Amino acid sequence: MDHRFDIVDSKAFRSGMSRLGAAVNIITTQGVDGPHGFTASAVCSVSDSPATLLACINRSASCFPAFEAARYFCVNTLAPHHEPIADLFGGKTPMAERFLAGGWEAGKSGVPVLDDALVSFECCLSHFIDQETHRVLFGSIIGIRATTENSALLYQDRRYVRI
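A. The arrangement of the overall build of the protein in detail. Broken down by element type, the protein carries 4 helices and 12 strands. The buried share of the protein, taken over its 163 residues, is 40%. A separation threshold of at least 6 residues defines the contact pool for the protein, and within that pool the share at least 24 residues apart is 64%. Taken as a whole, the protein presents about 9,500 Å² of accessible surface, with 55% of it coming from carbon and sulfur. Where the 14 positive side-chain charges of the protein centre and where its 17 negative ones centre are 4 Å apart.

In structure tokens:
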């Protein structure tokens, strides 16, 4: 028996996905013209052997060309006190101004790492897939930095949630 189903429309999908709580992250890389970064919640573990995660970036994002050319990137998971930085990296703030907030240092690969992130995963791009509007970046973990902070900043129901 062959069943055919219609795909839900984007408005219904976005509404449903808004109910899914997720950690707030700033994904960074070092471009030829300086550091680049954006706020993302589309990040998850792929494997622990070898240690791999994935992060998604919209291919229409202003910083996409830097990530398209990059071999390394960093996933910086945010704590509740990072909410203002999450807003900066999620909006239309010019790229150079984004990195004026927070304490940034170069990781072993040269990518920007947020010095007080809940946890930072420095990654070497191992693979990518273009799916519809987004690129899925697969990163092999080359470094992890963590703080003693135990609270995470989440995004759920179109607002920040602190736990």
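B. Focus on the sheet that holds strand 11 (residues 153-156). Read from one edge to the other, the open sheet built from 3 strands follows the order 1-11-12, with strand pairing classed as antiparallel. What marks the edges here is a single partner per strand, and that holds for strand 1 (22-23) and strand 12 (159-162). Note that strand 1 and strand 11 share 2 bridges and pair antiparallel. Across the sheet, residue A23 finds its bridge partner in strand 11, namely L154. Contacting strand 11 and strand 12, helix 3 (residues 83-90) runs over the sheet at an angle of about 150 degrees to strand 12.

C. Region of interest: the nonpolar core. Grouped together as the largest cluster of nonpolar side chains are 27 residues, with contacts concentrated most on I27, F38, I57, F67, F73 and L78. Broken down by secondary-structure element, the contributors of at least two residues to this core are strand 2 (25-31), strand 3 (34-40), strand 5 (51-58), helix 2 (64-69), strand 6 (72-77) and helix 3. Contacts of L78, omitting those with residues within four sequence positions, involve V24, N25, I26, A86, L114, L118, A152 and L153.

D. Highlighting the sheet that holds strand 6. The sheet built from 7 strands is open, its strands ordered 3-2-6-9-10-5-4 with antiparallel pairing. The open sheet terminates on both sides in strands that have one partner only, identified here as strand 3 and strand 4 (43-48). Neighbouring strand axes in the sheet, compared pairwise and without regard to direction, differ in orientation by 35 degrees on average. For strand 5 and strand 10 (residues 134-146), the ladder comprises 7 bridges, and the chain directions are antiparallel. Looking across to strand 10, one finds that T52 is bridged to S140.

E. Representation of the pattern of salt bridges within the structure. Taken as a whole and judged by the stated rule, the model has 5 salt bridges. We note a salt bridge from E105 to R145, for which the minimum N-O separation is 2.3 Å. Here R145 lies in strand 10 and E105 lies in strand 7 (residues 104-106), a separation of 40 residues in the sequence. The salt bridge involving R135 is made with D130; its shortest N-O contact spans 2.6 Å. One network of salt bridges, in which partners are shared, links R59, D130 and R135.

F. Representation of the pairing of strand 6 within the structure. Taken across its 6 residues, strand 6 has 5 buried, putting it largely inside the fold. Summarising the sheet, strand 2 and strand 6 pair through 4 bridges and their orientation is antiparallel. By the bridge assignment, N25 is partnered in strand 6 with T77. As defined by bridge partners, strand 6 adjoins strand 9 (residues 119-131) across 6 bridges and the pair is classed as antiparallel.

G. Main features of unusual backbone geometry. Note that the residue after S49, namely P50, is joined by a cis bond; omega there is 0 degrees. Here P50 lies in the loop between strand 4 and strand 5. Phi is positive for E132, which is not a glycine, with a value near 55 degrees. Here E132 is to be found in the loop between strand 9 and strand 10. Here the phi dihedral of R158 falls at roughly 65 degrees; this positive angle occurs in a residue that is not glycine.

Cut-offs applied
Residues numbered from 1 in each chain as written. Predicted model: local features only at pLDDT ≥ 70, side-chain atom pairs only at ≥ 80, totals over all residues. Heavy atoms only, no water. Helix = DSSP H or I, 4+ residues; strand = E, 2+ residues; numbered from the N terminus. Buried < 20%, exposed > 50% of the residue type's maximum accessible area, 1.4 Å probe, protein only. Contact = heavy atoms within 4.5 Å. Areas by Shrake-Rupley, 256 points an atom, 1.4 Å probe, with all protein chains shown as cover. Lys, Arg positive; Asp, Glu negative; His and termini not counted. Charge placed at Lys NZ, Arg CZ, Asp CG, Glu CD. Pairing = 2+ DSSP bridges. Axes fitted to C-alpha atoms, helices over the stretch in contact; angles between N-to-C directions. Core = buried A, V, L, I, M, F, W, Y, C linked by side-chain atoms within 4.5 Å. Salt bridge = Lys/Arg side-chain N within 4 Å of Asp/Glu carboxyl O.

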